[in-house]
Amino acid sequence: MRRILVIIFILQTGCPFLRAQPKDTLIDPAHFNYRLMEYMIKSRIDSFRKTKKLGTLANDSMLYKAALDQALYLQKREDISHTQPGRRKKDPMARAVFYGASYQMIGENVARIFYLVNMTNPRLRGRTVFIRTYSEAANEFVEGWLHSPHHYKNIVTSGYDVTGLAVSLNVKEKSITAVQVFGRSPTYHPPDRSGVYFPYGE
């Protein structure tokens, strides 16, 4: 049995999800759709924020790169964390700055789930779940964060208005690691329309 790993980082300086989704599909590790997985998780986060009368988070390519950097760093590591050994990428703020962001606040949520294998879920009193589809995986990530007070705080912090969310896949371990970086921009930040990073749009 494998257990869900969920951690939180908050750094400050100075249910039902209603949004329509692309058609859900079975997870095929040989043809894993990273962008679909990222979009499904983010859209559920945005939908939950709406239930709290909060705005959706604008996609930000600099924060996406910071999130992807950490997701890839954690890809084959047994433990998940918010840190890296190098000074230039040592924590979420450092990584955001490294990729060009200069926001007043930075927060980061990290989690790992396992697919196509029985996974013990502490949230369900130790019952097992078996994740087959992108939708099931996205729900597991978001529900795990929503049931963790510190992750929840990042999600519902009204000051955050931009985000980058990236995932990495470990085929051997049958694991998916997700990293969501939150930021607060000093001025209005329109959604990033980059088709490379965000092909499914807002």
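Residues numbered from 1 in each chain as written. Predicted model: local features only at pLDDT ≥ 70, side-chain atom pairs only at ≥ 80, totals over all residues. Heavy atoms only, no water.

Side note on the overall build of the protein chain
Moving on, step 1. Within the protein chain, the secondary structure is distributed over five helices and eight strands.
Moving on, step 2. The proportion of buried residues among the 202 residues of the protein chain is 50%.
Moving on, step 3. As presented, the protein chain carries roughly 9,900 Å² of accessible surface, and 53% of it is formed by carbon and sulfur atoms. (Helix = DSSP H or I, 4+ residues; strand = E, 2+ residues; numbered from the N terminus. Buried < 20%, exposed > 50% of the residue type's maximum accessible area, 1.4 Å probe, protein only. Areas by Shrake-Rupley, 256 points an atom, 1.4 Å probe, with all protein chains shown as cover.)

Some remarks on the pairing of strand E4 (residues 105–114)
Moving on, step 1. For E4, the buried fraction is high: 10 of the 10 residues fall into the buried class.
Moving on, step 2. Both faces of E4 are covered, namely the face carrying Met-105, Gly-107, Asn-109, Ala-111 and Ile-113 and the face carrying Ile-106, Glu-108, Val-110, Arg-112 and Phe-114.
Moving on, step 3. Bridge analysis of E4 against strand E8 (residues 175–184) gives 10 bridges, and the strand direction is antiparallel. Each residue of the ladder has a partner; that of Ile-113, found in E8, is Ile-176. (Pairing = 2+ DSSP bridges.)

Comments concerning empty space enclosed by the protein
Moving on, step 1. If you add up the space inside the largest cavity, you get close to 120 Å³.
Moving on, step 2. Lining of the largest cavity is provided by 12 residues; of these, Glu-38, Tyr-39, Asn-59, Tyr-197 and Phe-198 occupy positions nearest its centre.
Moving on, step 3. Counting residues per element, the lining of the largest cavity draws most heavily on helix H1 (residues 34–51), at four residues.
Moving on, step 4. Residue composition of the lining of the largest cavity, grouped by class: seven nonpolar, two polar and three charged. (1 Å grid on protein atoms, 1.4 Å probe; cavity = no way out; pocket = protein on both sides within 12 Å on 5 of 7 lines; lining within 4 Å. Points joined across faces, edges and corners; volume = space filled by probe spheres on them. Nonpolar A, V, L, I, M, F, W, Y, C, P; charged D, E, K, R; others polar.)

Some details on helix H2 (residues 61–74)
Each full turn of the α-helix corresponds to 3.6 residues, which orients residues three or four apart in the same direction.
Moving on, step 1. With 14 residues, H2 ought to run about 20 Å at 1.5 Å a step, and its terminal C-alpha atoms sit 20 Å apart, in line with that.
Moving on, step 2. Turning to H2, its buried residues number three or more, namely Ser-61, Leu-63, Tyr-64, Ala-66, Ala-67, Asp-69, Gln-70, Ala-71 and Leu-74.
Moving on, step 3. Those residues of H2 hidden inside the fold are in contact with H1, strand E3 (58–59), helix H3 (92–98), E4, strand E7 (162–170) and E8.
Moving on, step 4. Where H2 starts, the residue carrying a side-chain oxygen 3.0 Å from the main-chain nitrogen of Met-62 turns out to be Asp-60. (Expected span 1.5 Å × (residues − 1). Contact = heavy atoms within 4.5 Å. Polar contact = N/O pair within 3.5 Å; in protein donor to acceptor, adjacent residues only side chain to side chain.)

Concerning the pattern of salt bridges
Moving on, step 1. One pass over the full model with this rule turns up four salt bridges.
Moving on, step 2. Note that Glu-38 is salt-bridged to Arg-35, the shortest N-O span being 3.6 Å. Of this pair, Glu-38 and Arg-35 both sit in helix H1, three residues apart, roughly one helical turn.
Moving on, step 3. Using a relative accessible area of 5% as the deciding quantity, one classes Glu-38 as buried.
Moving on, step 4. Note that Glu-108 is salt-bridged to Arg-95, the shortest N-O span being 3.1 Å. Here Glu-108, found in strand E4, pairs with Arg-95, found in helix H3; they are 13 residues apart in sequence, far enough to count as distant. Take Glu-108 and Arg-95: they sit in the same class, and that class is buried. (Salt bridge = Lys/Arg side-chain N within 4 Å of Asp/Glu carboxyl O.)

Points about the environment of Gly-159
Moving on, step 1. Mapped onto the elements of the fold, Gly-159 is located in the loop between helix H5 (149–156) and E7.
Moving on, step 2. Owing to a relative accessible area of 21%, Gly-159 belongs among the partly exposed residues under this scheme.
Moving on, step 3. Each C-alpha atom of the pair Gly-159 and Arg-184 lies 5.9 Å from the other, and the pair is 25 residues apart in sequence.
Moving on, step 4. Beyond its immediate chain neighbours, meaning those up to four positions away, Gly-159 contacts Gly-183 and Arg-184.

Limitation: the analysis is restricted to geometry and does not speak to function.
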